[in-house]
Amino acid sequence: VTQTNTTVSVTGGVGYIDCDSFGTQTGTYFQEGVRGYDSAVHAWIVDLRGNGGGLTSAAVSALGAFSGEGDLIYFVDQDGESTAQSYSGKDLTDKPAIVLMDSGSASASEIFAGGVLGTGSGIVIGTAMARVWRRSYTMSRTARICTATP
């Protein structure tokens, strides 16, 4: 399955998702790929190297394929009020996700990776990144983002 920003394939029992950005259809691409190939794999590699980010809603939808339903990230405004972004579907796999990151991985990529760690859905491998998932990250003057609750 090849889309404009996401490619899903399987080789030797390992699923491989290469995602260049998190756009409006990315969550759907992840879900279709995992649903279509999960019976043929024993683990998933999600390659987010060089992925500069994109839509947080797309990262949440993609994460949901591995984590299942729940509040996956929270936005906290300057007054301390939080708003959750949730996934309401079932997880589509019980196989671990191995997320590849590098210094070019940012924003929604870090949210996805932090969510994989925070929900126990897999591990993250790679070089240093901005680490949105380890601390609050100032998105604008009015909002901060905190990630991944199990």
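Residues numbered from 1 in each chain as written. Predicted model: local features only at pLDDT ≥ 70, side-chain atom pairs only at ≥ 80, totals over all residues. Heavy atoms only, no water.

Describing the confidence of the model for the protein chain
Here is step 1 of the chain: On average, residues of the protein chain score 84 in pLDDT, and 82% of them reach the 70 mark or higher.
Here is step 2 of the chain: Predicted confidence is poor over residues 132-150, with pLDDT under 50, and the contacts of this stretch with residues over four places away or in other chains come to 52 contacts. (pLDDT = per-residue confidence, 0-100. Contact = heavy atoms within 4.5 Å.)

A word on the environment of Gln-25
Here is step 1 of the chain: For Gln-25, the location among the structural elements is in the loop between strand 2 (14-19) and helix 1 (26-37).
Here is step 2 of the chain: Assessed through its relative accessible area of 37%, Gln-25 is described here as partly exposed.
Here is step 3 of the chain: The spacing of Gln-25 and Ala-62 is 37 residues in sequence and 9.7 Å in space, taken between C-alpha atoms. (Helix = DSSP H or I, 4+ residues; strand = E, 2+ residues; numbered from the N terminus. Buried < 20%, exposed > 50% of the residue type's maximum accessible area, 1.4 Å probe, protein only.)

Digging into the sheet that holds strand 2
Here is step 1 of the chain: Across the sheet, 5 strands lie side by side as 1-2-3-6-7; this open sheet has mixed pairing. Strands at the two margins of the open sheet, each flanked by one partner only, are strand 1 (6-11) and strand 7 (122-126). Going from strand to strand, the sheet's axes swing by 20° on average, the running direction of each strand aside.
Here is step 2 of the chain: Sheet analysis places strand 2 next to strand 3 (residues 43-47), joined by 5 bridges and oriented parallel. Note on strand 3: the bridge partner recorded for Ile-17 is Val-46.
Here is step 3 of the chain: Seen against the sheet, helix 3 (residues 108-118) touches strand 3, strand 6 (97-101) and strand 7 and runs at an angle of roughly 145° to strand 6. (Pairing = 2+ DSSP bridges. Axes fitted to C-alpha atoms, helices over the stretch in contact; angles between N-to-C directions.)

Considering the nonpolar core
What tends to happen in soluble globular proteins is that the nonpolar side chains get buried as a cluster.
Here is step 1 of the chain: Within the largest apolar cluster, 29 residues are counted, with the highest numbers of intra-cluster contacts made by Phe-22, Phe-30, Phe-66 and Phe-112.
Here is step 2 of the chain: Counting only elements with at least two residues in this core, the list comes to strand 2, helix 1, strand 3, helix 2 (56-67), strand 4 (70-77), strand 6 and helix 3.
Here is step 3 of the chain: The dominant element in this core, judged by the number of residues it contributes, is helix 2, at 7 residues.
Here is step 4 of the chain: The residues touching Phe-66, leaving out its near neighbours within four places in the chain, are Ile-17, Phe-30, Val-34, Trp-44, Val-46, Asp-91, Thr-93, Lys-95, Ala-97, Phe-112 and Ser-121. (Core = buried A, V, L, I, M, F, W, Y, C linked by side-chain atoms within 4.5 Å.)

So, the pairing of strand 4
Here is step 1 of the chain: Note that strand 4 and strand 5 (residues 82-87) share 6 bridges and pair antiparallel. Across the sheet, residue Val-76 finds its bridge partner in strand 5, namely Ser-82.
Here is step 2 of the chain: Where strand 4 folds back onto strand 5 in an antiparallel hairpin, the turn is made up of 4 residues, including Gly-80, whose phi is positive at roughly 85°.

As for the packing of aromatic side chains
Ring pairs (aromatic) are described by centroid distance and by the angle formed between their planes.
Here is step 1 of the chain: Under the criterion given, the structure shown has 4 aromatic pairs.
Here is step 2 of the chain: For the pair Phe-66 and Phe-112, a centre-to-centre distance of 6.1 Å together with 85° between the ring planes defines the contact as edge-to-face. Highlighted residues: Phe-66 in helix 2 and Phe-112 in helix 3, separated in sequence by 46 residues.
Here is step 3 of the chain: Judged by its relative accessible area of 5%, Phe-66 is buried.
Here is step 4 of the chain: By relative accessible area, Phe-112 is classed as buried at 0%.
Here is step 5 of the chain: Grouping aromatic residues by their ring pairs yields a cluster made of Phe-22, Phe-30, Phe-66 and Phe-112. (Phe/Tyr/Trp six-rings, centres within 6.5 Å; stacked < 30°, edge-to-face > 60°.)

Describing the pairing of strand 1
Here is step 1 of the chain: Across 6 bridges, strand 1 lies against strand 2 in antiparallel orientation. Pairing of Thr-11 across the sheet is with Val-14, part of strand 2.
Here is step 2 of the chain: Turn length for the strand 1-strand 2 hairpin, with the two strands adjacent in sequence and antiparallel, is 2 residues, and the turn residue Gly-12 shows positive phi of about 60°.

A short note on the packing of helix 2 against helix 3
Here is step 1 of the chain: Running from N to C, helix 2 and helix 3 point in directions that differ by 25°, and their axes come no closer than 9 Å. When the axes of helix 2 and helix 3 are compared, the pair comes out roughly parallel. Here helix 2 and helix 3 pass one another in a crossing that is right-handed. Facing Thr-56, Ala-59, Ala-62, Leu-63 and Phe-66 of helix 2, the residues of helix 3 in contact are Ala-108, Ile-111, Phe-112, Gly-115 and Val-116.
Here is step 2 of the chain: Considering only residue class, the contact of helix 2 with helix 3 consists of 8 nonpolar, 2 polar and no charged. (Parallel < 35°, antiparallel > 145°, perpendicular 65-115°, else oblique. Left-handed = near helix turned anticlockwise from the far one by under 90°. Nonpolar A, V, L, I, M, F, W, Y, C, P; charged D, E, K, R; others polar.)

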